[in-house]
Amino acid sequence: MVFVRGWVWNFVIYQMGRGKTEMRRIENATSRQVTFSKRRNGLLKKAFELSVLCDAEVALIVFSPRGKLYEFASSSMQETINRYMAHSKNINIEKRMPEQNAQQLKLEVAAMAKKIELLEGYKRKLLGESLGSCSMFELHEIESQLEKSLRNIRGKKHHMLAEQIAELKEKEKTLTEENLVLRHKAEFSLESNENRETVENDENGEEDIEVETELFIGRPGSRRQCNINA
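Thresholds applied
Residues numbered from 1 in each chain as written. Predicted model: local features only at pLDDT ≥ 70, side-chain atom pairs only at ≥ 80, totals over all residues. Heavy atoms only, no water. Helix = DSSP H or I, 4+ residues; strand = E, 2+ residues; numbered from the N terminus. Contact = heavy atoms within 4.5 Å. Buried < 20%, exposed > 50% of the residue type's maximum accessible area, 1.4 Å probe, protein only. Lys, Arg positive; Asp, Glu negative; His and termini not counted. Salt bridge = Lys/Arg side-chain N within 4 Å of Asp/Glu carboxyl O. Phe/Tyr/Trp six-rings, centres within 6.5 Å; stacked < 30°, edge-to-face > 60°. UniProt positions renumbered as here; feature names shortened; annotations may be inferred.

In the annotation of an unreviewed UniProt entry, the entry for the chain reads MADS-box protein SOC1-like isoform X1, and the organism field reads Dioscorea cayennensis subsp. rotundata.

Here it is, written out as structure tokens:
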């Protein structure tokens, strides 16, 4: 869309083959009006040709030096203006976004730095440093915070000790059961060995027993008994 005012700007354009041509306001009113009418008609014609040949959406608005309106629109002038306004708004938003983001980041960085500074100061006070500027109320708050932290630390310590004691008791129970099983195995093995030795001794004792037999020599009735130890 092209907006043209009736007044003419002083500027310089370059024309191919003609060199430098100076453009400036026409001082003669009659010549200025004739030139405006010719150039206006040519501009409207070019806008129409551009819309037809290139299937472009064109809207042209021209105000004469006396404020008279001349316009051309390939479709609807109002719809084209609305489209232009929306496009311009989006471009402005896109241009402002990086600036707004950068400004927001600067604010966030500054706030974060301030927060870190406050935390560092509070940390030093908890460590017993930089207490000269503290009021009685602040000292009382720091003392309460330290006592609360100490209670939390002791509670955590007792909890960990209780867990360790329970774990050790469980290990002791497991070891006791294992020792009992090993003791039973050892007693059973010892008893088996004793029984085996007893059986072996009994077998050896039976082999050493002396067997006595009687031997009769001679006729029946006059036999002489002889003891023979086998």
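Don't stop here, the text continues.
## Details of the side chain of Thr-80
Along the polypeptide, Thr-80 turns up in helix H2 (residues 77-126). Apart from residues no more than four positions distant in its own chain, Thr-80 is found in contact with Glu-57, Ala-59 and Ser-75.

## Quick notes on the side chain of Arg-40
Looking at the element boundaries, Arg-40 is found in helix H1 (residues 29-53). Notably, Arg-40 is buried but unbridged: the nearest opposite-charge side chain belongs to Glu-71, and the N-O separation is 13 Å.

## Observations regarding the packing of aromatic side chains
Throughout the structure, instances matching the rule amount to two aromatic pairs. Taking the centre distance of 6.2 Å and the plane angle of 80 degrees together, the rings of Phe-48 and Phe-72 count as edge-to-face. Taken as a pair, Phe-48 in helix H1 and Phe-72 in strand S5 (residues 69-73) lie far apart in primary sequence, 24 residues in all. By relative accessible area, which is 46% here, Phe-48 ends up partly exposed.

## Points about the UniProt feature "coiled-coil region" (unreviewed entry) in the chain
With numbering matched to this structure, UniProt assigns "coiled-coil region" (unreviewed entry) to residues 158-185. For the annotated span residues 158-185, helix accounts for 100% and strand for 0% of the residues, and the straight-line distance between the end C-alpha atoms is 41 Å.

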